[in-house]
Amino acid sequence: MPEATRASLDADVVVLLPALRNFARRFVSSPTDVDDLAQETISKVLRHSEKFTPGTSLKSWAFTIMRNTYMTEYKRRKRLQVRANSDALFEIPTECSQQKCVYAAEVGKALGQLPKHQRDALLMIVEGVSYEAAAKHCGCEVGTIKSRVSRARTTLVGILGEDSIHAAASIH
């Protein structure tokens with residue numbers, strides 16, 4: 001982007017700031033969140049300024065960026081982190097029935113009852129880490145990780161009072 005065009009875009013973004021702040025209030029209510037959303041939007045506008053087509057509406061482009069930024073953050077926040085302890089965590093959707101939330105809390109508590117080496121192995125595999133990478137991380141053989149995961153699953157089934165691994169893995 002030519003330097004003169006870049007300077008003009010920078011000046012236009014400064015002029016847009018009040019409109020961006022007003023538009024941000026449609027998404028968030030806290031003044032701090034309004035400022036954060038406007039700042040993130042301006043940062044993205046300036047960072048991706050080469051994608052802006054001169055002659056089109058900068059305001060519309062910036063508003064679209066703000067809406068997309070908010071929606072991405074909203075989707076991320078729809079997840080709730082449930083901690084069994086300081087080094088074990090998994091995520092569940094927050095939009096769940098009371099029964100599902102209670103069951104998820106029970107699973108979190110059950111995870112806390114597992115021996116640390118089993119819990120760590122299970123959570124790594126659940127998070128998508130390969131058995132090989134988990135074994136390397138734990139400093140043991142792949143077969144040891146598989147054994148720990150199997151024992152952890154079996155123990156969780158018992159703690160949760162389920163009939164099978166599949167029953168324990170599905171939130172009713």
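Everything numeric in this text was worked out from a predicted model, so none of it was measured.

In terms of regular secondary structure, the chain is built from eight helices and two strands. In the chain, the succession of α and β elements from N to C terminus is α-α-α-β-β-α-α-α-α-α. For the chain, the residues scored as buried account for 31% of the 172 residues in total. For the chain, contacts bridging at least 24 residues in sequence account for 51% of all contacts bridging at least 6. Per element, the accessible surface of the chain, about 10,900 Å² overall, is 53% carbon and sulfur.

Bringing the environment of Ser 147 into the picture now. When you line up the elements, Ser 147 lands in helix H7 (residues 142-160). For the pair formed by Ser 147 and Ala 121, sequence separation is 26 residues and the distance between their alpha carbons is 9.3 Å.

Once that is clear, we can look at the side chain of Asp 120. Along the chain, Asp 120 falls in helix H5 (residues 116-126). A relative accessible area of 19% places Asp 120 in the buried class. Polar contacts involving the side chain of Asp 120 include one to the side chain of Lys 116, which spans 2.6 Å.

Right, let's talk about the packing of helix H6 (residues 131-138) against H7 for a bit. Remark: H6 packs on H7, axes separated minimally by 8 Å, with the N-to-C direction vectors making an angle of 100°. The pairing of H6 with H7 is recorded here as roughly perpendicular in orientation. Counted together, Tyr 131, Glu 132, Ala 134, Ala 135 and Cys 138 of H6 and Val 142, Ile 145, Lys 146, Arg 148, Val 149 and Arg 153 of H7 form the full contact between these two elements.

Turning our eyes to something else, we now look at the nonpolar core. Soluble globular proteins: nonpolar side chains tend toward being buried together. If you look at the biggest cluster of nonpolar residues, it comprises 19 residues, and the most contacted ones within it are Val 13, Leu 20, Val 45, Leu 58 and Met 66. Those elements that provide at least two residues to this core are helix H1 (3-24), helix H2 (31-47) and helix H3 (58-77). With near-sequence residues (within four places) excluded, Leu 20 lies in contact with Thr 41, Ile 42, Ala 62, Phe 63 and Met 66. In this structure, Val 107, Leu 122, Leu 123 and Leu 156 belong to the second largest nonpolar core, which totals 17 residues.

Now for the side chain of Thr 41. Inspection of the secondary structure puts Thr 41 in helix H2. Reaching out from Thr 41, the side chain makes a polar contact with the backbone oxygen of Leu 37 at a distance of 2.8 Å. The contacts of Thr 41, once residues within four sequence positions are left out, are Leu 20, Ala 62, Ile 65 and Met 66.

Considering all chains together, one arrives at four salt bridges under this definition. Among the salt bridges present, the one from Glu 40 reaches Arg 47, with a minimum N-O distance of 4.0 Å. Judged by relative accessible area, which is 46%, Arg 47 ranks as partly exposed. In this structure, the salt-bridge partner of Lys 116 is Asp 120, at a minimum N-O distance of 2.6 Å.

Before going further, it helps to spend a moment on the packing of aromatic side chains. Summed over the entire model, instances satisfying the criterion amount to four aromatic pairs. Here the aromatic rings of Phe 23 and Phe 27 are separated by 5.1 Å at their centres, their planes lie at 90°, and the arrangement is edge-to-face. The class of Phe 23 is buried, set by a relative accessible area of 14%. Look at Phe 27 and you get partly exposed, because its relative accessible area is 21%. Three or more aromatic residues link up through ring pairs in this structure, and these residues are Phe 23, Phe 27, Phe 63 and Tyr 70. The residue whose ring lies beneath Lys 146 is Tyr 131, and the NZ or CZ to ring-centre distance is 5.6 Å.

This paragraph deals with the confidence of the model for the chain. Predicted confidence across the chain gives a mean pLDDT of 81, with 76% of residues reaching 70 or more. This stretch, residues 80-86, has a pLDDT under 50; its non-local contacts, to residues over four places away or in other chains, come to 19 contacts.

What counts and what doesn't
- Residues numbered from 1 in each chain as written.
- Predicted model: local features only at pLDDT ≥ 70, side-chain atom pairs only at ≥ 80, totals over all residues.
- Heavy atoms only, no water.
- Helix = DSSP H or I, 4+ residues; strand = E, 2+ residues; numbered from the N terminus.
- Buried < 20%, exposed > 50% of the residue type's maximum accessible area, 1.4 Å probe, protein only.
- Contact = heavy atoms within 4.5 Å.
- Areas by Shrake-Rupley, 256 points an atom, 1.4 Å probe, with all protein chains shown as cover.
- Polar contact = N/O pair within 3.5 Å; in protein donor to acceptor, adjacent residues only side chain to side chain.
- Axes fitted to C-alpha atoms, helices over the stretch in contact; angles between N-to-C directions.
- Parallel < 35°, antiparallel > 145°, perpendicular 65-115°, else oblique.
- Core = buried A, V, L, I, M, F, W, Y, C linked by side-chain atoms within 4.5 Å.
- Salt bridge = Lys/Arg side-chain N within 4 Å of Asp/Glu carboxyl O.
- Phe/Tyr/Trp six-rings, centres within 6.5 Å; stacked < 30°, edge-to-face > 60°.
- Lys NZ or Arg CZ within 6 Å of the ring centre and 35° of its normal.
- pLDDT = per-residue confidence, 0-100.

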